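Reading the structure
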Amino acid sequence: MRIRRLLATAGLSTALALGATAFPAVAAPTVTASYPSSCSGWTDWYAGHGRGHLNCAGAGRDIRVTVECGGGVAKRSAIGYEYAKADCPRGLGATGLSGRFV
């Protein structure tokens, strides 16, 4: 009985050690961005999808933002006054952000 317990414990320890090294940590995706320097842009994850935001407070102009999503999908926002937001489809994260004055 002791030998069986010892072998079972040793096998479990080996499996746990191998399992920990079999799946290395994956770095977060890099988000590329291109928008006017007077604006601030960012991406986030909300309610199961990625979003891209562009805030040009004080610019006094209309803007539009485009967010690139996983799988090669791109979504464009409606025109907004000094702020715009574009949403990726559900389940896809944001991988890129671009915006411009319109």
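For the structure itself, look to the data block above.
To start, this report covers the structure provided alongside it. (Residues numbered from 1 in each chain as written. Predicted model: local features only at pLDDT ≥ 70, side-chain atom pairs only at ≥ 80, totals over all residues. Heavy atoms only, no water.)

A few words now on the pattern of salt bridges. Overall, the coordinates contain one salt bridge when judged by the stated rule. A salt bridge links D44 to R51, with the shortest nitrogen-to-oxygen separation between them at 2.8 Å. Taking the relative accessible area as the measure of exposure, D44 reaches 24% and is therefore partly exposed. (Salt bridge = Lys/Arg side-chain N within 4 Å of Asp/Glu carboxyl O. Buried < 20%, exposed > 50% of the residue type's maximum accessible area, 1.4 Å probe, protein only.)

Let us look at the state of the cysteines. Summed over the entire model, instances satisfying the criterion amount to two disulfides. One disulfide in the model links C39 with C56; its S-S distance is 1.9 Å. Here C39 and C56 share a disulfide; its torsion about the S-S bond, 105°, makes the bridge right-handed. Of the two residues, C39 sits in the loop between β1 (32-34) and β2 (40-46) while C56 sits in the loop between β3 (49-55) and β4 (62-69), which places them 17 residues apart along the sequence. By relative accessible area, C56 is classed as buried at 0%. With a sulfur-sulfur separation of 2.1 Å, C69 is cross-linked through a disulfide to C88. Because the torsion about its S-S bond is -90°, the bridge between C69 and C88 counts as left-handed. Here the residue C69 occupies a position in strand β4, and C88 occupies one in the loop between β7 (83-87) and β8 (94-101), the gap between them amounting to 19 residues. Here the bonded cysteines of the chain are numbered in sequence order, and their pairing is 1-2, 3-4. (Disulfide = S-S within 2.5 Å. Helix = DSSP H or I, 4+ residues; strand = E, 2+ residues; numbered from the N terminus.)

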